[in-house]
Amino acid sequence: MKDVYLSENAGDPLIEFLNYHEFTLHFMNGEHTPVYREVSTHADIHMCQLGLWDKARLFMGHTEKLGKSYPENIIYNAVCTSGFFIHNLRYTDAALLSQAMKTSRQKVHVPQGYSRCCCLPVDDNSFITSDAGIAKALSACNAHVLFIQKGHILLPGFDYGFIGGCAGHFSIDGKRTIIFNGDLSSHPDYRKIAAFIRDREVEIIYFDSYPLEDIGSILTGTPITAEAEPC
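Residues numbered from 1 in each chain as written. Predicted model: local features only at pLDDT ≥ 70, side-chain atom pairs only at ≥ 80, totals over all residues. Heavy atoms only, no water.

Draft legend 1. Here's a closer look at the environment of Ala-140. By the secondary structure assignment, Ala-140 is in helix H5 (residues 132-140). Sequence spacing of Ala-140 and Val-108 is 32 residues, and the spatial spacing of their C-alpha atoms is 9.7 Å. (Helix = DSSP H or I, 4+ residues; strand = E, 2+ residues; numbered from the N terminus.)

Draft legend 2. Expanded view of the sheet that holds strand S12 (residues 175-180). Read across the sheet, three strands follow the order S11-S12-S13 without closing on themselves; strand pairing throughout is mixed. In the strand order of this sheet, the two ends are held by strand S11 (167-172) and strand S13 (203-205), each with one partner. Strand-to-strand, the axes of this sheet are offset by a mean angle of 30°, without reference to chain direction. For S12 and S13, the ladder comprises three bridges, and the chain directions are parallel. Residue Thr-177 lies in a different strand from S13, and its bridge partner there is Glu-203. Contacts from helix H6 (residues 190-198) reach S12 and S13, with the element oriented near 135° to S13. (Pairing = 2+ DSSP bridges. Axes fitted to C-alpha atoms, helices over the stretch in contact; angles between N-to-C directions. Contact = heavy atoms within 4.5 Å.)

Draft legend 3. Examining the sheet that holds strand S6 (residues 84-87) more closely. With mixed pairing, three strands are arranged side by side in an open sheet as S5-S6-S7. The strands lining the two open edges of the sheet, one partner per strand, are strand S5 (79-80) and strand S7 (106-109). Note: S6 against S7, four bridges, orientation parallel. Bridged to Ile-86 within S7 is Val-108.

Draft legend 4. The pattern of salt bridges, seen in detail. This structure, assessed with the given rule, holds three salt bridges. The residue Asp-189 makes a salt bridge to Lys-192 at a minimum N-O spacing of 3.7 Å. With relative accessibility at 7%, the residue Asp-189 sits in the buried group. (Salt bridge = Lys/Arg side-chain N within 4 Å of Asp/Glu carboxyl O. Buried < 20%, exposed > 50% of the residue type's maximum accessible area, 1.4 Å probe, protein only.)

Draft legend 5. The arrangement of the pairing of strand S3 (residues 47-50) in detail. Covered by surrounding structure in S3 are Met-47 and Gln-49 together with Cys-48 and Leu-50, the residues of both alternating faces. The sheet contact formed by S3 and strand S4 (residues 57-60) spans four bridges and is antiparallel. Considered in S4, the bridge of Met-47 is made with Met-60. Where S3 folds back onto S4 in an antiparallel hairpin, the turn is made up of six residues, including Gly-51, whose phi is positive at roughly 90°.

Draft legend 6. Examining the side chain of Thr-41 more closely. By the element assignment, Thr-41 lies in the loop between strand S2 (24-28) and helix H2 (43-46). Not counting residues within four places of it along the chain, the set of residues in contact with Thr-41 comprises Leu-6, Ser-7, Glu-8, Asn-9, Met-28, Asn-29, Gly-30 and Ile-215.

Shape is all these values report; function is a separate question.
Here you go:
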């Protein structure tokens, strides 16, 4: 798995790191999309990652289905592990939901439409979020949830960004790793976040030379279409 989709606004140290490890980077430049400017370069607005790590697939959304603002711009912004599909199911794109449910996943309806932005999967059954609605819904499904403080993450044009939009899942030197765009250690809940991730035998990489910033997630996987085989 070498394909990576991310914003053209990702930090240079992150880009250099991924290039060093020979990932193929696909930059989202915000062109030819109807969504509003502040999220126009966000990968998680335009596609959905199905699964984690080496089994991940990327459901490539159709730009013409998106609208400028909420809820027309969140139809692909779901969290999908092997165990759960998490989204505001009133607005999920039908083709995405059909593809995701070709394998055994529990659908979890949450009020938050920007689900992938607001929720970082750590493994198939463990999640980090600052959204109370997501935390409540996942806890009711017996998932492991770390609830963190809102804010302390940049998102130009808004008061703050979200933990899911800062990060992506990679295999680095054979180890499962979550990589963050910016300085995770600046977050007031850093110790809890780091412990929660490492307790699940997942490594952390972040870059302390620039602030933690939500760039619409760092998505990895093999691109698929609605007609592809289930992941």
